[in-house]
Amino acid sequence: MSTSKNRSPRNRWRTLAWLVPAALVAVVAVVLLARWLRDLPAVSAFVADYPGTAPRPADAPEGIPAWLAWQHFFNAFFLVLLVRTGMLIRAGGRQQGHWQRRNTGPLRTKGKPAKISLNLWLHLAVDVLWVLTGISYVVMLLATGQWVRIVPTTWEVFPHAASALLQYASFDWPSSDGWSSYNALQQLAYFVTVFVAAPLSIITGLRMSPAWPKGAGGINRVVPIGVARALHFPVMLYFVAFVVVHVTLVLTTGARENLNHMFAASDGGGWLGVVLFAVSVALMVAAWVLAKPVFTGPVAALTGKVTR
């Protein structure tokens, strides 16, 4: 048993030893293919007809409000914590602490509350905060008209998205003005993330949590536990891939301008967005490091009984 554990880190390094070069070769191949396609007359005409940004409604709001910038930070912060705690739960191993809800007050139940690991408690607690943030985000999108930034309103979004994807792949970025609107590929990616991936993550996570009613036969047939387990982790991988691609493009397609839009809600040329981004990253790194039972235990004890 100990031998296999000692070999596992070595095996992971061996996997990276061939996986990284293979990924680089694949990226180079995609770029070369995209550049070759761009030189074809039919493809060149297609990109000219569909430059990458779909038409938007005439009454679409201009600019990014301050609440949207704050929402961006909170969503990213909670998402980082969800990925961190999800990795800790998936890794398993000996748990360093457990939490059990106090069965008093308005949440009192007939049955004894389940005892869960502190890692799972933190995951569920952050999940609640993330869901509340997401609900307020969607409400504000609808109330302010900002929903048109991420919800397609024309079928032309698809050819424009294909064109934008080809332009990104050829390293010839599509022209866009993130302050006014996203390009079609960004719009589809944000739409899928907010209205497909996020609800799917919430539903499958809730299905696997201790809060799910055990006697709900009808609901259990609609959302089988096996399906929830099969989907929850891939959805997390989708979020990780989305964040990696998103941050990469933000930093390589005009970092200062993009960060001013996203974190400072400004279309100016100052450095406030960069500073706020740096502070946000520092907070996320600190949260990642501190997401351990020795730090989360005292917080969990405020809402229940913590034991070893």
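Above this note sits the structure.
For every chain, the first residue of its written sequence is number 1, and the numbers climb from 1 along that sequence. Only residues with pLDDT of at least 70 get local features here, since the model is predicted, and only at 80 or more are side-chain atom pairs given and counted; chain-wide, interface and lining totals rely on the full set of residues. Note that water and hydrogens are dropped before the side-chain values are worked out from all heavy atoms of the structure.

## Regarding the sheet that holds strand 1 (residues 98-101)
Here comes step 1: The strand order across the open sheet built from 3 strands is 2-1-3, with neighbouring strands paired in antiparallel fashion. Among the strands making up the open sheet, the edge pair consists of strand 2 (115-117) and strand 3 (304-307). Averaged over all pairs of adjacent strands, the angle between strand axes in this sheet comes to 30°, irrespective of strand direction.
Here comes step 2: Any two strands with at least two DSSP-identified bridges between them are counted as paired. Secondary structure elements follow DSSP: runs of H or I of four or more residues count as helices, runs of E of two or more count as strands, with numbering from the N terminus. In this structure, strand 1 lies alongside strand 3, joined through 4 bridges in antiparallel fashion. Residue pairing in the sheet places histidine 98 in a bridge with threonine 307 of strand 3. Where helices are involved, their axes are fitted lines through C-alpha atoms of the stretch in contact, as for all axes, and angles between N-to-C directions lie from 0 to 180°.

## Comments concerning helix 6 (residues 184-208)
Helical periodicity: at 3.6 residues per turn, an α-helix aligns residues three or four positions apart in one direction.
Here comes step 1: Here the expected span of a helix is defined as 1.5 Å times the quantity of residues minus one. Taking 1.5 Å per residue as the helical rise, helix 6 with its 25 residues ought to reach 36 Å, and the 35 Å between its terminal C-alpha atoms agrees with that figure.
Here comes step 2: Fitting axes to the seven residues ending at a residue and to the seven starting there, one defines the bend at that residue as the angle between these axes. Threonine 193 marks the point of greatest bend in helix 6, at about 35°.
Here comes step 3: Among the residues of helix 6, Ala184, Gln187, Leu188, Tyr190, Thr193, Val194, Ala197, Ala198, Ser201, Thr204, Gly205 and Arg207 are the ones counted as buried.
Here comes step 4: A distance of 3.1 Å separates the backbone nitrogen of leucine 185 from a side-chain oxygen at the start of helix 6, and that oxygen is part of asparagine 183. Relative accessibility under 20% of the residue-type maximum defines a buried residue, over 50% an exposed one, and the middle range a partly exposed one, all with a 1.4 Å probe and only protein chains included. Here a polar contact is recorded for every N or O atom pair within 3.5 Å, except that within protein the pair must consist of a potential hydrogen donor and a potential acceptor, and residues adjacent in sequence are included only if both atoms are side-chain atoms.

## Here's the deal with the nonpolar core
Here comes step 1: Grouping buried Ala, Val, Leu, Ile, Met, Phe, Trp, Tyr and Cys residues that are joined through side-chain atoms within 4.5 Å yields what is termed a nonpolar core. Membership of the largest hydrophobic core comes to 25 residues, with the highest contact counts inside it found for Phe77, Leu81, Trp99, Trp121, Val126, Trp130 and Phe239.
Here comes step 2: Ranked by the residues each element gives to this core, the list is headed by helix 3 (residues 66-91), at 6 residues.
Here comes step 3: Counting 12 residues, the second largest nonpolar core, distinct from the first, contains Leu68, Trp179, Tyr182 and Val194.

## Remarks on the layout of surface pockets
Here comes step 1: Points on a 1 Å grid, built from protein atoms alone, make a cavity when a 1.4 Å probe fits but cannot get out and make a pocket when they are open with protein on both sides within 12 Å along at least 5 of 7 lines; residues with an atom within 4 Å of a point are the lining residues. Grid points are joined across faces, edges and corners, and a volume is the space filled by probe spheres set on the points. In this structure, the second largest pocket spans a volume of roughly 870 Å³.
Here comes step 2: Listed by contribution, the elements that provide at least two residues to the lining of the second largest pocket are strand 1, helix 4 (118-144) and helix 6.
Here comes step 3: Considering each element in turn, the lining of the second largest pocket owes the most residues, 6 residues, to helix 4.
Here comes step 4: Split by residue class, the lining of the second largest pocket holds 14 nonpolar, 6 polar and 6 charged. Polar here means any residue other than Ala, Val, Leu, Ile, Met, Phe, Trp, Tyr, Cys and Pro, which are nonpolar, and Asp, Glu, Lys and Arg, which are charged; Gly is therefore polar.

## So, unusual backbone geometry
Here comes step 1: Although it is not a glycine, phenylalanine 171 sits at a positive phi angle of roughly 60°.
Here comes step 2: Looking at the element boundaries, phenylalanine 171 is found in the loop between helix 5 (157-169) and helix 6.
Here comes step 3: With a phi close to 50°, alanine 265 is a non-glycine residue in the positive phi region.
Here comes step 4: Counting through the fold element by element, alanine 265 comes out in the loop between helix 9 (255-264) and helix 10 (272-290).

## Points about the pattern of salt bridges
Here comes step 1: Whenever Lys or Arg places a side-chain nitrogen within 4 Å of a carboxyl oxygen from Asp or Glu, that contact is recorded as a salt bridge. Under the counting rule described, the total for this entry stands at 2 salt bridges.
Here comes step 2: A salt bridge links aspartate 172 to arginine 38, with the nearest nitrogen and oxygen atoms 3.3 Å apart. Here aspartate 172 is found in the loop between helix 5 and helix 6, whereas its partner arginine 38 is found in helix 1 (residues 2-38), with 134 residues between them in sequence.
Here comes step 3: Relative accessible area serves as the criterion here: at 40%, aspartate 172 is assigned to the partly exposed category.
Here comes step 4: Residues arginine 56 and glutamate 62 are paired through a salt bridge, measuring 3.1 Å at the closest nitrogen-oxygen approach.
Here comes step 5: On the accessibility criterion, arginine 56 (32% relative accessible area) is partly exposed.

The quantities given are spatial measurements derived from coordinates; they are silent on function.
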